[in-house]
Amino acid sequence: MAQPLKEMINPASAGVLADGVAAVWAAFPRDRFVAEASAGLDGLELKERVRHVARALGAALPPGFPRAAEILRESAARVRLDMWSGWPATEYIAVHGHDHLDEAMTALAALTPYATGEFAVRPYLDRHRDDAMKIMYGWAESDDEHLRRLASEGSRPRLPWGSRVPWLMEPGPALPILDRLRDDPSEYVRRSVANHVNDIAKDHPEVAVGLLARWRSEGGSHVERVLRHAVRGLLRTGHPGALELVGAAPGGGSVRALVLDADRVAVGDRLRFTVTVSADAPGPLVLKYAVRRDGSRRVFHLGERTVAAAGREITVSRSHSFRPVTTRTEPPGPRVLEIVVNGAVRASAPFTLTGS
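Since we're looking at a predicted model, the values are computed, not measured.

Cut-off values and rules
- Residues numbered from 1 in each chain as written.
- Predicted model: local features only at pLDDT ≥ 70, side-chain atom pairs only at ≥ 80, totals over all residues.
- Heavy atoms only, no water.
- Phe/Tyr/Trp six-rings, centres within 6.5 Å; stacked < 30°, edge-to-face > 60°.
- Buried < 20%, exposed > 50% of the residue type's maximum accessible area, 1.4 Å probe, protein only.
- Helix = DSSP H or I, 4+ residues; strand = E, 2+ residues; numbered from the N terminus.
- Expected span 1.5 Å × (residues − 1).
- Contact = heavy atoms within 4.5 Å.
- Polar contact = N/O pair within 3.5 Å; in protein donor to acceptor, adjacent residues only side chain to side chain.
- Pairing = 2+ DSSP bridges.
- Axes fitted to C-alpha atoms, helices over the stretch in contact; angles between N-to-C directions.
- Domains from an automatic or database assignment.
- 1 Å grid on protein atoms, 1.4 Å probe; cavity = no way out; pocket = protein on both sides within 12 Å on 5 of 7 lines; lining within 4 Å.
- Points joined across faces, edges and corners; volume = space filled by probe spheres on them.
- Nonpolar A, V, L, I, M, F, W, Y, C, P; charged D, E, K, R; others polar.
- Patch = residues over 30% accessible without salt bridge, like charges linked within 9 Å, V, L, I, M, F, W, Y side chains within 5 Å.
- Areas by Shrake-Rupley, 256 points an atom, 1.4 Å probe, with all protein chains shown as cover.
- Salt bridge = Lys/Arg side-chain N within 4 Å of Asp/Glu carboxyl O.
- Lys, Arg positive; Asp, Glu negative; His and termini not counted.
- Charge placed at Lys NZ, Arg CZ, Asp CG, Glu CD.

A. The packing of aromatic side chains, seen in detail. Counted under the stated rule, the structure contains ten aromatic pairs. For the ring pair W25 and F28, a centre distance of 6.3 Å and an interplane angle of 50 degrees mean the geometry is tilted. Note on accessibility: W25 and F28 belong to one class, buried. Among the aromatic residues, ring-to-ring pairing joins W84, W87, F119 and W161 into one connected group.

Right, here's the structure in full:
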């Protein structure tokens, strides 16, 4: 079984951070910091652990933020910082540097190649909107792919695990960053751009579709791959504009057969099914399936095929896992499996989820 992410924040990761700081500032109380950072970790979840270590770091650094930020900035390259050892350092900056925008953003720029600053930049975007964005526009022009990615990722409207910045929910200020990075040579950066547009699409689908259509018209070496990843959420909901972007006729196609291997499946087991779809016209068939119960409908990717003529059939088999996960519970009870073809539900079949 994989190690839980929270356990990556541990005495060893605190020790790596301590070594970096001590290499820059000889007065750093290394052993005291590691002891305080390690005490009580066992009862904490991931982000609580990060905040706990960051508090211990704040107690050990000099009291003036500019000096503390300088130490953290210089420590980044002195040891092999990574996401887990460096995250508490960026969290310290997120909490303590609100009155020192330039020093905070400079430190985050130095740390982000080792421990991404996407979460830590959010409070500065919230409190220093125009000035912080001006700095991020500069990051989008950087030779460093980590800084270019931070410009896109840090300004995402719905950044996972990131604090919400209300004004970022309206598209506009971050669009110049996306325009600059849409055809970036780095896949790491382009992936962030696509995720950013996917975020926009959740609240402003027409803006996202229009932006992607413009990018396609302007061309680029990587625009099609960015577009495909960016429209995944809209394809899941069957948005007509997104379907047209990938060349699929909205609602085109029908289900000839849908067969479930069983009409009862236990929690922890898998539902296996086979579906045969017929095309109404030549072109792509974007296939999704949904699992529906009272108060919940979750959509999953089933496949995408391009057919040469109307009437062509494709058959797809899939199994859906009902293995329990910590982030979601699946109570036993009636369910419906739905097959979605180019955005329209074309077949459904009931089944029952039973206790394990």
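B. Summary view of helix α1 (residues 11-24). Look at α1: 20 Å from first C-alpha to last across 14 residues, which is about the 20 Å you get at 1.5 Å a residue. What α1 keeps buried is the set S13, A14, G15, L17, A18, G20, V21 and V24. On its buried side, α1 packs onto α2 (30-38), α3 (46-60), α4 (65-75) and α5 (83-96). Where α1 starts, the residue carrying a side-chain oxygen 3.0 Å from the main-chain nitrogen of A12 turns out to be N10.

C. Just the sheet that holds strand β7 (residues 333-341), in detail. In space, the five strands of this open sheet follow the order β2-β8-β7-β4-β5, with mixed pairing throughout. Single-partner strands in this sheet number two, and they are β2 (264-266) and β5 (296-307). If you compare each strand with its neighbour and ignore which way they point, the axes differ by 30 degrees on average. Relative to β5, strand β4 (residues 283-293) runs antiparallel, the two being bridged by eleven bridges. In the sheet register, L287 faces β5, and the bridge partner there is G303.

D. Fine view of the domain arrangement of the protein. Per the domain assignment, the segments of the protein are domain 1 (1-117) and domain 2 (254-354). If you average the C-alpha positions of domain 1 and of domain 2, the two centres end up 45 Å apart.

E. View of unusual backbone geometry. Look at W161: it is not a glycine, yet its phi comes out positive at around 70 degrees. Looking at the secondary structure, you find W161 in the loop between α9 (145-153) and α10 (175-181). Its identity as a non-glycine residue notwithstanding, N342 has a phi of 50 degrees, on the positive side. Here N342 shows up in the loop between β7 and β8 (344-354). The buried category is assigned to N342, whose relative accessible area is 2%.

F. Structural view of empty space enclosed by the protein. Within the structure shown, the criterion is met by two cavities of 30 Å³ or more. Roughly 60 Å³ of internal volume is contained in the largest cavity. Lining the largest cavity, in full, are S155, P157, W167, L168, E170, P171, G172, P173, A174, L175, H196 and I200. For the lining of the largest cavity, the per-class residue count stands at eight nonpolar, three polar and one charged. Put simply, the second largest cavity is a space of about 30 Å³. Taken together, V291, R292, R293, S296, R298, E330 and R335 make up the lining of the second largest cavity. Of all the elements in the fold, those that place two or more residues in the lining of the second largest cavity are β4 and β5. It is β4 that provides the largest number of residues to the lining of the second largest cavity, a total of three residues.

G. Highlighting a negative patch on the surface. Taken together, the side chains of D102, E103, D130 and D131 make up a negatively charged region of the molecular surface. Residue assignment for the negative patch shows that the elements contributing at least two residues are α6 (101-111) and α8 (129-139). Of note, E103 is situated in helix α6. Taking the relative accessible area as the measure of exposure, E103 reaches 33% and is therefore partly exposed.

H. Quick look at the sheet that holds strand β6 (residues 313-321). Here three strands make up an open sheet; going across it, the order is β1-β3-β6 and the pairing antiparallel. Of all the strands in the sheet, just β1 (254-260) and β6 have a single pairing partner and so form its edges. This sheet shows a mean twist of 20 degrees between the axes of neighbouring strands, independent of strand direction. Where strand β3 (residues 270-278) and β6 come together, nine bridges link them in antiparallel fashion. Bridging across to β6, V275 finds its partner in V316.

I. Examining α9 more closely. Burial analysis of α9 places seven of its nine residues in the buried class, the great majority of the element. Restricting attention to buried positions, one finds in α9 the residues L147, R148, R149, L150, A151, S152 and E153. The opening residue of α9 is D144, an N-cap whose side-chain oxygen sits 2.8 Å from the backbone nitrogen of H146.

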